[in-house]
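# Summary of the model geometry
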Amino acid sequence: MASTGLELSTLGHRIRHRRTQAALTLDDLGALVGVAGSQLSLIENGKREPKLSLLQAIAEATGTQVSDLISGEPPNGRAALEIELERAQNSSVFRQLGIAPIRVTKGMSDATIESILGLHRELVRRESEAIATPEEARRANTELRLRMRAQNNHLPDIEQLAEKQLKAAGHVSGALTHRTVNIMAERLGFELIYVDDLPHSTRSVTDLEHGRIYLPPASIPGGHGLRSMALQAMAHRLLGHTPPTSYADFLQQRLEINYFAACCLIPETAGTAFLQQAKKDRNLAVEDFRDAFGVTHEAAGMRMTNLMTVHLGMSLHFLRVDETGAITRVYENDDLPLPMDVTGAVEGQPVCQRFSARIAFTQHNRTTEHYQYTDTPAGTYWCSTQTGSSTDGGFSVTVGVPFDDARWWRGRETSHRAQSTCPDESCCRRAPADIAERWSGKAWPSARVHTHMFSPLPRGNFPGVDDGEVYEFLDRHASQ
Ligand SMILES: [Zn+2]
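Labelled according to an unreviewed UniProt entry, the protein appears under the name Transcriptional regulator with XRE-family HTH domain, originating from Microbacterium pseudoresistens.

Okay, structure coming up:
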């Protein structure tokens, strides 16, 4: 039944509409249904939820059906305006201003309400424009990273939710199949549909009305990307997400859906058992973890950060670095010294040239992992790096641990060793004195502008997404 404030407000308007149509005052109707007029007034104003028996009595007394009263539609244009105004005045954007809300009276004209609503809409528009300045985005991103670090990159609620969903869909062990992902979707009332005209600004689109999740075409059967995208789309529903109201909110949701997909692809119980056995055998390796669960090297490495501190008591770091040396994805709880800008942001910063993450690009044999010990001002770390390439160019994925924990990993016997003194500039950012002198004043490089994730997002109902494109896309497919 009606439960949220909004539904109660619509219900109230519908009752008032029926009462006035029946030419009854509050007290008249109260007498007919056996409650005080003041009680009815509270219900009509959406301040109180009526019992079903009272609703039945009201429906009877006003010559209608309960189903009519609880319909979600505003009863008329005026009520629609009043409901929208109530919603606007209840929004956090408006309440932050500390301005007293307007009480709508009978005598207030529709034009007046329209005009106030116009101001509210403009307020929301301006607010969402301001949401994602690059500074705000960086700050939100850094806060989220620190929060996740404080909980060892582990979200137990989502772990449990994923295990429950997998079990219900009949998944037992090993790699998660497309078939099982389909069953999970069906259980949620969704059909997975692969289309080649998804809006450019989206990775998937969900049609809530017809229960469809649209995904890009399955061009590489068996790839881990499609399962992951389908799982992420489902996660929005399973986790009860509503359109994000801030960039921080947007990032949090993005993290949660990624996390849910990761939990499904490598479930906590099975993944932890695998890692514990590998540790016992002193044979931990990202590539084995990757192959056992049929995921990408990046997904396997990142998943280790979710499980290894909590379940194996091991601190570690994860780095994804592009060919220019810039960090594109990062996690650490082992105090590895990372480059940082003044706002505390790590993403987009160039990692030390002596780190395994960059040395790996210079290796001749890049089909296997590169192992390396690196001495840093914070101690010695052992790292394992795999290089790969994507449409955006080459990248490397590194998982590493403090020296003492290297003994559990395959590759610990490596003779590769490097010294890093970063952030000291003389480590790797300054050329040797003779070369610097030779070229000083004789070089003029032109900078390449980085387009990282911190560009402001287009405004709209969904940050980063072009609504119009999405609505037209759904319209095109809904009739098929
Ligand atoms: Zn360095």
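This part covers the overall build of the protein. When you go through the protein residue by residue, the secondary structure sums to 19 helices and nine strands. Scaling as 2.2 N^0.38, a compact globule of 480 residues should have a C-alpha radius of gyration of about 23 Å, whereas the protein reaches 29 Å, well beyond that. Taken along its principal axes, the extent of the C-alpha atoms in the protein is 95 × 60 × 40 Å. Looking at the protein as a whole, 29% of its 480 residues qualify as buried.

With that settled, the discussion passes to the pairing of strand β3 (residues 212-215). Remember that side chains alternate between the two faces of the sheet whenever the strand is regular. Judged by which residues are buried, β3 turns out to be covered on both faces: R212 and Y214 on one side and I213 and L215 on the other are all buried. Sheet analysis places strand β2 (residues 205-207) next to β3, joined by three bridges and oriented antiparallel. Residue V205 lies in a different strand from β3, and its bridge partner there is Y214. Between β2 and the antiparallel strand that follows it, β3, lie four residues; G211 among them carries a positive phi value of about 60 degrees.

This part is about the UniProt feature "domain: HTH cro/C1-type" (unreviewed entry) in the protein. When the UniProt feature table is mapped onto this chain, "domain: HTH cro/C1-type" (unreviewed entry) is found at residues 15-69. Structurally, residues 15-69 is divided into 67% helix and 0% strand, and its ends, taken at the C-alpha atoms, are 6 Å apart.

Attention now moves to the domain arrangement of the protein. The domain architecture assigned to the protein consists of domain 1 (5-129), domain 2 (139-262) and domain 3 (286-419). On a C-alpha basis, the centres of domain 1 and domain 2 stand 37 Å from each other.

Time to look at the packing of helix α2 (residues 26-33) against helix α4 (residues 52-61). One can describe the packing of α2 onto α4 by two numbers: an axis separation of 9 Å at closest approach and a directional angle of 115 degrees. Taken as a pair, α2 and α4 cross one another with a handedness that is right-handed. Together, L29, L32 and V33 of α2 and L54, A57, I58 and A61 of α4 make up the contact between the two elements. For the contact of α2 with α4, the residue count by class is seven nonpolar, no polar and no charged.

With that out of the way, let us pick up the sheet that holds strand β6 (residues 370-376). If you trace the six strands from one edge of the open sheet to the other, you get β5-β4-β8-β7-β6-β9, paired in mixed fashion. Of all the strands in the sheet, just β5 (327-332) and β9 (417-419) have a single pairing partner and so form its edges. Averaged over all pairs of adjacent strands, the angle between strand axes in this sheet comes to 25 degrees, irrespective of strand direction. Alignment of strand β4 (residues 317-322) against β5, held across five bridges, turns out to be antiparallel. Residue pairing in the sheet places H317 in a bridge with E332 of β5. On top of the sheet, helix α16 (residues 297-312) reaches β4, β5, β7 (379-390) and β8 (393-402); it is set at about 25 degrees to β8, its chief contact.

Moving on to the environment of P156. In this fold, P156 is placed in helix α10 (residues 156-168). Along the backbone, P156 and V104 are 52 residues apart, and their C-alpha atoms lie at a distance of 46 Å.

Here we come to the pairing of β4. Here β4 lies mainly inside the structure; five of its six residues are buried. Hairpin geometry of β4 and β5 is characterised by an intervening segment of four residues between the two adjacent antiparallel strands and by a positive phi of about 95 degrees at G325. Here β4 pairs with β8 via six bridges, running antiparallel. When the sheet's bridge partners are listed, V321 is paired in β8 with S396.

Helix length check: helix α14 (residues 268-280), at 13 residues, gives a terminal C-alpha distance of 18 Å against a target of 18 Å (1.5 Å per residue), a fit within 8%. Among the residues making up α14, those that are buried are E268, G271 and L275. End-on view of α14: buried residues confined to an arc of 75 degrees, all on one side of the axis. Facing away from the buried surface of α14 by more than 90 degrees, the exposed residues are T269, Q277 and K280. Considering only its buried residues, α14 is in contact with α10, α13 (247-265), α15 (286-293) and α16.

One open sheet holds the three strands; their spatial order is β1-β3-β2, and the pairing between them is mixed. Edge strands, defined here as strands with exactly one partner in the open sheet, are β1 (191-194) and β2. Neighbour-to-neighbour, the strand axes of the sheet open up by a mean angle of 25 degrees, direction not taken into account.

Below, the discussion takes up the nonpolar core. Residues A230, F260, C264 and L265 are the most contacted members of the largest nonpolar core, which totals 64 residues. If you tally residues by element for this core, the top one is α13, at eight residues. The residues that make up this core include at least three from each of domain 2 (139-262) and domain 3 (286-419). Apart from residues no more than four positions distant in its own chain, F260 is found in contact with I158, L161, A162, L231, A235, L238 and L239. Counting nine residues, the second-largest nonpolar core is a separate cluster that includes L29, V33, I43 and L69.

Reading guide: rules and limits
Residue numbers run consecutively from 1 along every chain, following the written order of its sequence. Per-residue local features are limited, in this predicted model, to residues with pLDDT of at least 70; the limit for side-chain atom pairs, both in listing and counting, is 80 or more; totals at the level of whole chains, interfaces and linings are taken over all residues. Under the scheme used here, helices are H or I runs from DSSP no shorter than 4 residues and strands are E runs no shorter than 2 residues, and both carry numbers assigned from the N terminus. Based on C-alpha atoms, the radius of gyration is set beside the globule rule, defined as 2.2 Å times the residue count to the power 0.38. Working definition of burial: number of other C-beta atoms within 10 Å of the residue's own, with buried at 20 or more, exposed at 12 or fewer, and partly exposed in between, all C-beta atoms being placed from the backbone. A pair of strands is considered paired only if DSSP assigns at least 2 bridges between the two. UniProt positions are given in the numbering used here, feature names are shortened, and annotations may be inferred rather than shown by experiment. Segment limits for the domains were obtained from an automatic or database-derived domain assignment. Only C-alpha atoms enter the line fits that serve as axes; for helices the fit covers just the stretch in contact. Angles between N-to-C directions range over 0 to 180 degrees. When the near helix sits turned anticlockwise from the far one by under a right angle, the crossing is termed left-handed; a clockwise turn instead gives a right-handed crossing. For the purpose of contact definition, each residue receives a C-beta atom placed from its backbone, and two residues are in contact when these atoms lie within 7 Å. Basically, the charged four are Asp, Glu, Lys and Arg, the nonpolar ten are Ala, Val, Leu, Ile, Met, Phe, Trp, Tyr, Cys and Pro, and anything else, Gly included, counts as polar. Each helix should span, by expectation, one fewer than its residue count multiplied by 1.5 Å. Note that the arc is computed from the directions linking the helix axis to the C-beta atoms. Working definition: the nonpolar core is a set of buried Ala, Val, Leu, Ile, Met, Phe, Trp, Tyr and Cys residues, joined through C-beta atoms within 7 Å.

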